[in-house]
Amino acid sequence: MITVENLSYSYDGDPVLDGLSLALGDEWVVLAGPNGSGKTTLIRQLNGLLEPDGGSVLVDGTPVQDDPVAARTAVGMVFQSPRSQFVASTVGADVAFGPENLGLDHEEIDRRVDAALSAVNLDGREDERIDALSGGERARLAIAGALAMEPEHLVLDEPFAGLDWPAQRSVLGHLDDLAADGVGIVVVTHDLRDLRTRADRVIGLRDGEIAFDLSPEAATEALPDIDVRVPDGW
Ligand code: ADP
């Protein structure tokens, strides 16, 4: 469970989030909002990449700042531009990086790398160079890197940006499997295609505030108010 309490954050004195509160459990949440509404600023606090100016973020009851390693283990993050997220040049080394940093033994690291790659259909491709992968494969690799930490929550920032439709479908299918395994999913996106039946909640952000927190059905009328397009067939 992630609990955000009265969270405030400013860049150079410019407030972006001002007293935002939210609880995220074992569910599929879509976080939607126009550019600049504070989505990325919010999710970067969920595992301590940014520190709140005011209020707090608790992961399983513990403030993120008190135990950043536990927060980063429990809350996996997949960024918008996976390329900037990779730390190694080959697939296997990249996925192993997180578990290595947890100080796990080699056997456990190998087990996690195998499981994470297999979860995104990249098994057996450990030795391939990341720069030779397609965009869709890179997006899946970024997810595998987060999965190797065995997170309770997976937060994905615009995971479909730059992906063609088959690749988007494939990523969605993998997220379905994770959700079925009890991983809480938070998808930050403008592209709501195929999310209506998956999402438990749609949270709309506007100017750093929660404009609404509704079921996908109920969000249909609220989305245009925050300038997010409701896709055909939603
Ligand atoms: P979103 O993810 O919804 O597009 P962001 O959280 O990226 O929104 O940005 C919210 C606001 O904070 C915007 O006005 C943006 O210009 C500003 N902002 C984001 N990152 C920085 C930064 N590193 N320095 C200064 N301002 C920033």
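Just above sits the structure.
The structure reproduced in this document is the subject of the present report. Predicted model only: the values in this text are computed from it and were never measured.

### Observations regarding helix α3 (residues 91-101)
- For α3, the full list of buried residues reads V91, G92, D94, V95, A96, G98 and P99.
- Downstream of α3 by one or two residues, G103 has phi in the positive range, about 75°.

### Describing the site of the ligand
- The local shell around the ligand consists of Y11, V16, P34, N35, G36, S37, G38, K39, T40 and T41.
- T40 places a polar side-chain atom, nitrogen or oxygen, 2.6 Å from an oxygen atom of the ligand.
- Looking at the shell around the ligand, the element that brings in the most residues is helix α1 (residues 39-43), giving three residues.
- Its residues assigned to classes, the shell around the ligand shows three nonpolar, six polar and one charged.

### Let's talk about the sheet that holds strand β2 (residues 14-24)
- As summarised here, the arrangement of the four strands in space is β2-β1-β4-β5, forming an open sheet in which the pairing is antiparallel. Strands with a single pairing partner mark the edges of an open sheet, and in this sheet they are β2 and β5 (62-63).
- Pairing of strand β1 (residues 2-11) with strand β4 (residues 54-59) involves five bridges; the strand directions are antiparallel. Along β4, the bridge assignment pairs T3 with L58.

Cut-off values and rules
- Residues numbered from 1 in each chain as written.
- Predicted model: local features only at pLDDT ≥ 70, side-chain atom pairs only at ≥ 80, totals over all residues.
- Heavy atoms only, no water.
- Buried < 20%, exposed > 50% of the residue type's maximum accessible area, 1.4 Å probe, protein only.
- Helix = DSSP H or I, 4+ residues; strand = E, 2+ residues; numbered from the N terminus.
- Near = heavy atom within 4 Å.
- Polar contact = N/O pair within 3.5 Å; in protein donor to acceptor, adjacent residues only side chain to side chain.
- Nonpolar A, V, L, I, M, F, W, Y, C, P; charged D, E, K, R; others polar.
- Pairing = 2+ DSSP bridges.

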